[in-house]
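Read off the chains here:
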Amino acid sequence: MSTRYEDARPIPQSQLDDARLETLAIRAGHTRTAELEHSEAIFPTSSFVYSSAAQAAARFSGEEPGNIYSRFTNPTVRYFEERMAAMEGGERAVATASGMAAVLSTLMALLQQGDHIVCSRGVFGTTTVLLEKYMARFGVETTFVDLVDVAAWKAAVRPQTKLFFLETPANPLGEIADIRALADLAHDVDALLVVDNCFCTPALQRPLALGADLIVHSATKYLDGQGRCIGGVVVGPDRLMQEVYGFMRSAGPSMSPFNAWVFLKGLETLPLRMRAHCEAALHIAEWLRQRPEVETVLYAGLSDHPQHELAKSQQSGFGGIVSFRVKGGREEAWRLIDATRIISITGNLGDTRTTVTHPATTTHGRLSEENKQRNGISENLIRLSIGLEHLDDLKADLGRGLDSCQR
Ligand SMILES: *Cc1c(COP(=O)(O)O)cnc(C)c1O
């Protein structure tokens, strides 16, 4: 009894050329083995074998494509990479051990000493540390600018500027960058635009189609969606991804096959989950706005958000992150957080579980007072990542917090 690879009836990749995101999320990037498995297999192997010494030589020289060693490629990781490339509309993806490894691999692969980066001020805290402390140590300087102020990006450009880096929507205030305008500006000065697409995911926003050159992700967030694994991925055109891949396989921040498999399972429900996150977040944002204890709600889905129209034009949903300011300061914010019973107090986001964070003392706690002020990280700011629990239960829990926060 033997099975042949042909029996696996692989879906020809061309069959998926016109497929919608929901189909790509489930079907793209899987090559069945001769075992005819239906769901993707996990390949926990560090290396691969060859049928002959000549084949080994051909693989090592690059003459023959194929697996050599799992720091370079691994079938389960490749399934994830191909699925992500298809979903983001990019030629190629490279998976990494974490979101930060995706950012680092991109910068190390494409920049050299003397180069300059322009970066939005509100990026993920560790990205700021990587740029300000470590990249600077190797002679790559960064200028931080206001995400929504295109003129400020232009003014920050130097002859050495090689890369623009941004996150949109930004964390935790939910500002929206004009991706197309910033891509045009970057290309005018021969720089690349890198977008951290963590908050929207390809289910809501496809930055490559808006002119961005590369996308980085923390797969840890919505791509997994259930708070289980750390991982990242970079997506873009082959000519740039070759460099990113070269760095990744040499420096070694590779994704483990097990994590890749968890992310593949996460991707299958990503479009569905993102729709549910968006719907719930808008509902909670509107509900919070009616509460007398709340000063302001920061969510691009609200029609009076300053970038509401821009968000509508470049995203197909407003995402699951809702921030708000309570009346008062730290004391009131902490009291609200501590009075919740269901919502998790944690810095993670993009989970099925709703999470609550006090940015000023946690995720953004390392910023100086001046920087906090400039970035709008006030003591009364609270960030929610809206999960998939029942809305009535979430409102009851948040209501408990709001009821006790002003006392
Ligand atoms: C979490 C996060 C990262 C870093 O990802 P890790 O997987 O934690 O390394 C980068 N960017 C954004 C926007 C994030 O939320």
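Remember, predicted model here, so these are calculated numbers, not experimental data.

1. As for the pattern of salt bridges
Stage number 1. Scanning all chains against the criterion turns up 20 salt bridges.
Stage number 2. Its salt-bridge partner being Asp304, residue Arg289 comes within 2.9 Å of it at the nearest N-O pair. Remark: Asp304 occurs in the loop between strand S8 (294–298) and helix H12 (308–314) and Arg289 occurs in helix H11 (residues 270–289); sequence separation between them is 15 residues.
Stage number 3. Residue Arg289 is classed as partly exposed on the basis of its relative accessible area of 36%.
Stage number 4. Note on Asp304: relative accessible area 56%, which makes it exposed.
Stage number 5. A salt bridge links Asp397 to Arg400, with the nearest nitrogen and oxygen atoms 2.7 Å apart. Taken as a pair, Asp397 and Arg400 lie in helix H15 (residues 391–405) at a separation of three residues, close to a single helical turn.
Stage number 6. Arg400 gets classed as partly exposed once you look at its relative accessible area, which sits at 37%.
Stage number 7. In the salt-bridge network here, residues are joined through shared partners; they are Glu40, Arg83, Lys265 and Glu268.

2. Considering the domain arrangement of the protein chain
Stage number 1. Annotation of the protein chain at the domain level lists domain 1 (7–268) and domain 2 (270–405).
Stage number 2. Once you take the C-alpha centre of each, domain 1 and domain 2 turn out to be 27 Å apart.
Stage number 3. Three residues stand out in domain 1 for area buried against domain 2, namely Leu173, Leu204 and Tyr222, and they jointly supply 26% of the buried area on that side.
Stage number 4. Here domain 1 and domain 2 share one salt bridge between them.
Stage number 5. Of the charged contacts in the structure, one is a salt bridge between Glu22 and Arg275, with a shortest N-O distance of 3.1 Å.
Stage number 6. In this structure, the connection of domain 1 to domain 2 is made through 17 residue pairs in polar contact (both at pLDDT 80 or more).
Stage number 7. Of all the elements in the fold, those that place two or more residues in the side of domain 1 that touches domain 2 are helix H1 (21–27), helix H5 (125–137), helix H8 (201–204) and helix H10 (257–268).
Stage number 8. The leading source of residues in the side of domain 1 that touches domain 2 is H8, at four residues.
Stage number 9. Its residues assigned to classes, the side of domain 1 that touches domain 2 shows 20 nonpolar, 12 polar and seven charged.

3. Notes on the UniProt feature "modified residue: N6-(pyridoxal phosphate)lysine" (unreviewed entry) in the protein chain
Stage number 1. Under the present numbering, the feature "modified residue: N6-(pyridoxal phosphate)lysine" (unreviewed entry) in UniProt falls on Lys221.
Stage number 2. With respect to the helices and strands, the residue Lys221 is situated in the loop between strand S6 (214–218) and strand S7 (232–236).
Stage number 3. Sequence-distant contacts of Lys221, that is, excluding residues within four places in its chain, are made with Phe124, Cys198, Asn348, Leu349 and Gly350.

4. Digging into the side chain of Thr127
Stage number 1. Turning to its location among the elements, Thr127 is positioned in helix H5.
Stage number 2. Not counting residues within four places of it along the chain, the set of residues in contact with Thr127 comprises Met100, Val103 and Phe165.

5. Digging into the site of the ligand
Stage number 1. All residues adjacent to the ligand are Ser98, Gly99, Met100, Phe124, Glu167, Asp196, Cys198, Phe199, Ser218, Thr220, Lys221 and Gly231.
Stage number 2. One of the backbone N or O atoms of Met100 is found 2.9 Å from an oxygen atom in the ligand.
Stage number 3. Note that an oxygen atom of the ligand is positioned 2.6 Å from one of the side-chain N or O atoms of Lys221.
Stage number 4. Considered class by class, the residues forming the shell around the ligand number four nonpolar, five polar and three charged.

6. Topic: the sheet that holds S8
Stage number 1. If you trace the five strands from one edge of the open sheet to the other, you get S8-S9-S12-S11-S10, paired in mixed fashion. The open sheet has two free edges, formed respectively by S8 and strand S10 (344–345), since each of these has just one partner strand.
Stage number 2. Across the sheet, helix H13 (residues 330–339) lies against strand S9 (321–326), S10, strand S11 (355–357) and strand S12 (381–385), angled at about 130 degrees from S9, the strand it touches most.

7. What about the sheet that holds strand S2 (residues 116–120)?
For sheets, the rule is that strands pair by backbone hydrogen bonds, running either parallel or antiparallel.
Stage number 1. Judged by pairing direction, the sheet is mixed, and its seven strands sit side by side in the order S1-S7-S6-S5-S4-S2-S3 without closing on themselves. The sheet is open, and its two borders are formed by strand S1 (92–96) and strand S3 (141–145), each paired with just one other strand. When the angles between neighbouring strand axes are averaged without regard to direction, this sheet yields 20 degrees.
Stage number 2. Of the strand pairs in this sheet, S1 and S7 are connected by five bridges, and their pairing is antiparallel. Within S7, the residue paired with Val94 across the bridge is Val234.
Stage number 3. Where H5 meets the sheet, it contacts S2, S3 and strand S4 (161–167), and its direction lies at approximately 135 degrees from that of S3.
Stage number 4. Against the sheet, helix H7 (residues 179–188) engages S4 and strand S5 (192–196), with an angle of about 150 degrees to S5.

What counts as what
- Residues numbered from 1 in each chain as written.
- Predicted model: local features only at pLDDT ≥ 70, side-chain atom pairs only at ≥ 80, totals over all residues.
- Heavy atoms only, no water.
- Salt bridge = Lys/Arg side-chain N within 4 Å of Asp/Glu carboxyl O.
- Helix = DSSP H or I, 4+ residues; strand = E, 2+ residues; numbered from the N terminus.
- Buried < 20%, exposed > 50% of the residue type's maximum accessible area, 1.4 Å probe, protein only.
- Domains from an automatic or database assignment.
- Buried area = accessible area lost by both parts, 1.4 Å probe.
- Polar contact = N/O pair within 3.5 Å; in protein donor to acceptor, adjacent residues only side chain to side chain.
- Nonpolar A, V, L, I, M, F, W, Y, C, P; charged D, E, K, R; others polar.
- UniProt positions renumbered as here; feature names shortened; annotations may be inferred.
- Contact = heavy atoms within 4.5 Å.
- Near = heavy atom within 4 Å.
- Pairing = 2+ DSSP bridges.
- Axes fitted to C-alpha atoms, helices over the stretch in contact; angles between N-to-C directions.

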